[in-house]
Amino acid sequence: MLLSSQFLRARAPDAGVDCGGRKLPFLLYADDLTLLSADSAGLQRALDALSDFCGASGLAVNVSKSKIVAFSSAPGGACRGATGCFIPRQPAGV
């Protein structure tokens, strides 16, 4: 079972970032997954959708290898708001 953009959009329709006029909710490379969101609330919904997907498919997120990386285009690169996110009900590392 492959995580699809339809699955994620159905459970987290606002997840993703704008990329040339298209919404990009995640990136996949080999066995790695990167969820993308413009804010922490959207990221939390995407994480919840991933948790639902894992529950339905019998997969699990390796929380010890999971991190949140925040980027900002604001002057000084101030990043705020990602510290309250949880990966399948566990605090995510930032």
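Thresholds applied
- Residues numbered from 1 in each chain as written.
- Predicted model: local features only at pLDDT ≥ 70, side-chain atom pairs only at ≥ 80, totals over all residues.
- Heavy atoms only, no water.
- Helix = DSSP H or I, 4+ residues; strand = E, 2+ residues; numbered from the N terminus.
- Buried < 20%, exposed > 50% of the residue type's maximum accessible area, 1.4 Å probe, protein only.
- Contact = heavy atoms within 4.5 Å.
- Areas by Shrake-Rupley, 256 points an atom, 1.4 Å probe, with all protein chains shown as cover.
- Core = buried A, V, L, I, M, F, W, Y, C linked by side-chain atoms within 4.5 Å.
- pLDDT = per-residue confidence, 0-100.
- Pairing = 2+ DSSP bridges.
- Expected span 1.5 Å × (residues − 1).
- Polar contact = N/O pair within 3.5 Å; in protein donor to acceptor, adjacent residues only side chain to side chain.

Things to note about the overall build of the chain
Counting secondary structure elements, the chain contains 2 helices and 6 strands. Ordered by position from the N terminus, the helices and strands of the chain form the series α-β-β-β-β-α-β-β. Every one of the 94 residues in the chain was classed for burial, and the buried ones make up 29%. The long-range fraction of contacts in the chain, counting pairs at least 24 apart against all pairs at least 6 apart in sequence, stands at 46%. Accessible surface computed for the chain: about 6,300 Å², of which carbon and sulfur atoms make up 55%.

Considering the nonpolar core
Listed in full, the 12 residues of the largest apolar core are Leu-8, Ala-12, Ala-15, Phe-26, Leu-35, Leu-43, Ala-46, Leu-47, Ala-49, Leu-50, Cys-54 and Ile-68. In terms of residue count, helix H2 (residues 40-57) provides more of this core than any other element does, 6 residues in total. Leave out the neighbours within four places in its chain, and Ala-15 touches Lys-23, Pro-25, Leu-36, Gly-42 and Ala-46.

What to know about unusual backbone geometry
Residue Ala-30 is not a glycine yet carries a positive backbone phi of 55°. Residue position: Ala-30 is located in the loop between strand S3 (26-29) and strand S4 (32-35).

Things to note about the environment of Ala-49
Relative to the helices and strands, Ala-49 is located in helix H2. Between the alpha carbons of Ala-49 and Ala-10 there is a distance of 8.7 Å; along the sequence they are 39 residues apart. With sequence-adjacent residues up to four places away left out, Ala-49 is seen in contact with Phe-7, Leu-8, Arg-11 and Ala-12.

Overview of the confidence of the model for the chain
In the predicted model, the chain carries a mean pLDDT of 75, and the fraction of residues at 70 or more is 70%. Per-element averaging of pLDDT across the chain places strand S5 (residues 86-87) at the bottom with 51 and S4 at the top with 88. Segment residues 77-82 is flagged for pLDDT under 50; beyond a separation of four residues in sequence, or across chains, it makes 9 contacts in the model.

Comments concerning the pairing of S4
For S3 and S4, the ladder comprises 4 bridges, and the chain directions are antiparallel. Note that in S4 the partner of Phe-26 across the bridge is Leu-35. Counting the residues between successive antiparallel strands, the hairpin from S3 to S4 contains 2 residues, one of them, Ala-30, with a positive phi of roughly 55°.

What about H2?
In this model H2 runs 25 Å from its N-terminal to its C-terminal C-alpha over 18 residues, within 8% of the 26 Å that 1.5 Å per residue would give. Of the residues making up H2, those classed as buried are Gly-42, Leu-43, Gln-44, Ala-46, Leu-47, Ala-49, Leu-50, Ser-51, Phe-53 and Cys-54. Residue Asp-39 occupies the N-cap position of H2, its side-chain oxygen lying 3.3 Å from the main-chain nitrogen of Ala-41.

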